[in-house]
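Okay, here's what each chain looks like letter by letter:
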Amino acid sequence: LPRLTVTGRNELYLENHKGIIEYTTERIRINLSRGFMEVIGDNLEIQALMPDEMKVWGDINTINYLD
C-alpha cells in the first residue's frame, strides 16, 4: 500500500508507488497499486526518485486519489 507523508504545504514523501504517469511543474500523476494519485500545485519538482519512493517539493494545493 502507498504511504504518503506531507510536511506543511511544500513537501510530500511517497513510498510504494508504481511510477510516474505525468510530470509538469503544475501537476504530477503517480501510478499506485490501485488507481493513481494526482498532486496539483505550483513550482512542483521531484527532488528524489527511487524505484518505489519519491520526494516532491513545491507549493502543493491539492492531492487527489483517483481510480
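Above this text is the structure in question.
The shown structure was predicted, so the numbers you read here are calculated from the model rather than taken from an experiment.

Undergrad: With reference to specific residues and values, describe the nonpolar core.
TA: If you look at the biggest cluster of nonpolar residues, it comprises 12 residues: Leu12, Leu14, Ile28, Ile30, Leu32, Met37, Val39, Leu44, Ile46, Met54, Val56 and Ile60. When residues of this core are traced back to their parent elements, those giving at least two are β2 (11-15), β4 (27-31), β5 (36-49) and β6 (53-66). A per-element tally of this core places β5 first, with four residues. Not counting residues within four places of it along the chain, the set of residues in contact with Ile30 comprises Leu14, His17, Gly19, Ile21, Phe36, Met37 and Met54.

Undergrad: Describe the pairing of strand β1 (residues 3-7), naming the residues involved and giving the relevant values.
TA: Pairing of β1 with β2, which is carried by five bridges, proceeds in the antiparallel orientation. Opposite Leu4, over in β2, you have Leu14 as the bridge partner. In sequence, β1 turns back onto β2 through a hairpin of three residues, with Gly8 there showing a positive phi of about 65°.

Undergrad: Go over the pattern of salt bridges with me, naming the residues and quoting the values.
TA: In this structure the tally under the stated criterion is seven salt bridges. With its nearest N and O atoms 3.5 Å apart, the salt bridge here joins Arg29 to Glu22. Assessed through its relative accessible area of 24%, Arg29 is described here as partly exposed. Overall, Glu22 belongs to the partly exposed group, its relative accessible area being 22%. Two residues, Glu38 and Arg27, come together in a salt bridge whose shortest N-O distance is 3.6 Å. Remark: Arg27 occurs in strand β4 and Glu38 occurs in strand β5; sequence separation between them is 11 residues. Note on Arg27: relative accessible area 30%, which makes it partly exposed. Salt bridges sharing partners connect three or more residues here, namely Glu22, Arg27, Arg29 and Glu38.

Undergrad: Go over the environment of Glu38 with me, naming the residues and quoting the values.
TA: Residue classification places Glu38 among the buried residues on the basis of a relative accessible area of 8%. When the C-alpha atoms of Glu38 and Ile21 are compared, they prove to be 9.5 Å apart, with 17 residues separating the residues in sequence. Every residue in contact with Glu38, bar those within four places of it in the chain, is listed here: Arg27, Ile28, Arg29, Thr62, Ile63, Asn64 and Leu66. A distance of 3.1 Å separates polar atoms of two side chains, one belonging to Glu38 and the other to Arg29.

The rules we used
Residues numbered from 1 in each chain as written. Predicted model: local features only at pLDDT ≥ 70, side-chain atom pairs only at ≥ 80, totals over all residues. Heavy atoms only, no water. Core = buried A, V, L, I, M, F, W, Y, C linked by side-chain atoms within 4.5 Å. Buried < 20%, exposed > 50% of the residue type's maximum accessible area, 1.4 Å probe, protein only. Helix = DSSP H or I, 4+ residues; strand = E, 2+ residues; numbered from the N terminus. Contact = heavy atoms within 4.5 Å. Pairing = 2+ DSSP bridges. Salt bridge = Lys/Arg side-chain N within 4 Å of Asp/Glu carboxyl O. Polar contact = N/O pair within 3.5 Å; in protein donor to acceptor, adjacent residues only side chain to side chain.

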